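Chain residues, written in single-letter form:
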Amino acid sequence: MHLGWVPGANGDHELRMAVPVKPNGRFGRLYMAAIAPFRHLVVYPALTRQWERAWRAHLGRTS
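Residues numbered from 1 in each chain as written. Predicted model: local features only at pLDDT ≥ 70, side-chain atom pairs only at ≥ 80, totals over all residues. Heavy atoms only, no water.

Section: the overall build of the protein
Within the protein, the regular secondary structure consists of one helix and two strands. Ordering the α and β elements of the protein from the N terminus gives β-β-α. Against the globule reference of 11 Å for 63 residues, the protein gives a C-alpha radius of gyration of 15 Å, more extended than a compact globule. In terms of principal-axis extent, the alpha carbons of the protein reach across some 45 × 20 × 15 Å. A total of 63 residues make up the protein; the buried ones form 16% of that total. (Helix = DSSP H or I, 4+ residues; strand = E, 2+ residues; numbered from the N terminus. Rg over C-alpha atoms; globule rule 2.2 N^0.38 Å. Buried < 20%, exposed > 50% of the residue type's maximum accessible area, 1.4 Å probe, protein only.)

Shown next as structure tokens:
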């Protein structure tokens, strides 16, 4: 997993995340394809929001 802060549209920074994945074998490819929507729609956005809130709290910002 790679996390990085990039400039946002409003001049602030936003957290971006990249997760390189290499499945092993046919079952691995099927499994990764099956869980991809859940990872991209639920898990990764939730993690990113949590990390961003923690970072903003560390900086003393609320938005």
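Notes on the environment of M1
Following the sequence through the fold, M1 ends up in the segment before β1 (2–7). When the C-alpha positions of M1 and R29 are compared, they lie 19 Å apart, and in sequence the two are 28 residues distant.

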